[in-house]
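Overview (structure and organization)
Read off the chains here:
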Amino acid sequence: NKRVRGVSVFRPFVFGSIAHPFDPDNKPPNCPPDHTHRWEIFVRGVNGEDISYWLKKVQFKLHETYAHNVRAIEQQPFEVSETGWGEFEIQIKLYFVPESNEKPQTLWHSLKLHPYGPDAEGMKERRETVISQNYEEIIFNEPVEQFYEILTGG
Ligand code: SLL
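Residues numbered from 1 in each chain as written. Predicted model: local features only at pLDDT ≥ 70, side-chain atom pairs only at ≥ 80, totals over all residues. Heavy atoms only, no water.

Notes on the site of the ligand
Our working rule: We call a residue near a molecule or strand when any one of its heavy atoms sits within 4 Å of it. The definition of a polar contact used here is a pair of N or O atoms within 3.5 Å, where within protein one atom must be able to donate a hydrogen and the other to accept one, and adjacent residues in sequence count solely through side-chain atom pairs. Surface accessibility follows the Shrake-Rupley procedure with a 1.4 Å probe radius. Residue values consider only the protein chains on display as shielding. Residues are sorted three ways: Asp, Glu, Lys and Arg are charged, Ala, Val, Leu, Ile, Met, Phe, Trp, Tyr, Cys and Pro are nonpolar, and all the rest, Gly among them, are polar.
Inspection of the region around the ligand gives His 35, His 63, Thr 65, Tyr 66, Gly 84, Trp 85, Gly 86, Glu 87 and Phe 88 as its neighbouring residues. Between His 35 and the ligand, the recorded distance is 3.2 Å, taken from a side-chain N or O atom to an oxygen atom. Residue Trp 85 places a main-chain N or O atom 2.8 Å away from an oxygen atom belonging to the ligand. Relative to its unbound accessible area of 460 Å², the ligand is 67% covered by the protein chains. Broken down by class, the residue content of the shell around the ligand amounts to three nonpolar, five polar and one charged.

In structure tokens, the structure reads:
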């Protein structure tokens, strides 16, 4: 399984979170009383591009207050939807397709529930959707030939 020397292939993606506060008069049924938000953590292609030809699995490690806090998502959409009350760091581990011979890579994301602003305390009371996302590029340096062909559609 030879590597293609002197070649780097990069692939863009977006990862992050989106959080919606509950309407206090209209909370979802079966939701613990202390939960205030529904949120999602995701890894996706730019403009909805398919990334499953290079990304096989994403493991999201949530705060230990969550049951089964390690969530492995094996197909698109690579996302987890939950409810909760607090912000915390989420570990995101990217597993590449087996042909790649690449080791998994780890990213971190801070789940944001509350809008940021000059009057941060007061704004916690404001009900608005909070999106926190990052554009990222993964770089495959000297990919193995088989993976290079997958990446470049050759
Ligand atoms: C904080 N360090 O104190 C953080 C911890 C934990 C968030 C936040 C609920 C989980 C559940 C939840 O939102 N945990 O009980 O289902 O702000």
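Quick notes on the confidence of the model for the protein chain
Put simply, the rule is: What pLDDT conveys is the predictor's confidence in a given residue, as a value from 0 to 100.
Of all residues in the protein chain, 94% have pLDDT values of 70 or greater, and the mean over the chain is 93. Across the predicted assembly, pTM comes out at 0.92 and ipTM at 0.92.

Here we look at the environment of Glu 79
So the rule is basically this: Each helix is a run of DSSP H or I of at least 4 residues and each strand a run of E of at least 2, with the numbering of both proceeding from the N terminus.
Tracing the backbone through its elements, the reader meets Glu 79 in strand β5 (residues 78-84). Here the alpha-carbon distance between Glu 79 and Gln 59, two residues 20 residues apart in the chain, equals 9.4 Å.

Remarks on the sheet that holds strand β7 (residues 105-110)
Selection criterion: A pair of strands counts as paired when DSSP detects no fewer than two bridges linking them. To obtain each axis, a line is fitted to C-alpha atoms, and for helices this fit is confined to the stretch in contact; angles are then taken between N-to-C directions over 0 to 180 degrees.
What the four strands build is an open sheet, ordered β4-β3-β6-β7; its pairing is antiparallel. Each edge of the open sheet carries a strand with a single partner, namely β4 (70-73) and β7. Ignoring which end each strand starts from, the neighbouring axes of this sheet average 20 degrees apart.

A short note on unusual backbone geometry
Glycine aside, the phi torsion of most residues is negative, and most peptide linkages are trans. Cis geometry marks the peptide bond from Gln 76 to Pro 77; its omega dihedral reads -5 degrees. Counting through the fold element by element, Pro 77 comes out in the loop between β4 and β5. We note that Asn 101 has phi near 60 degrees; this positive angle belongs to a residue other than glycine.

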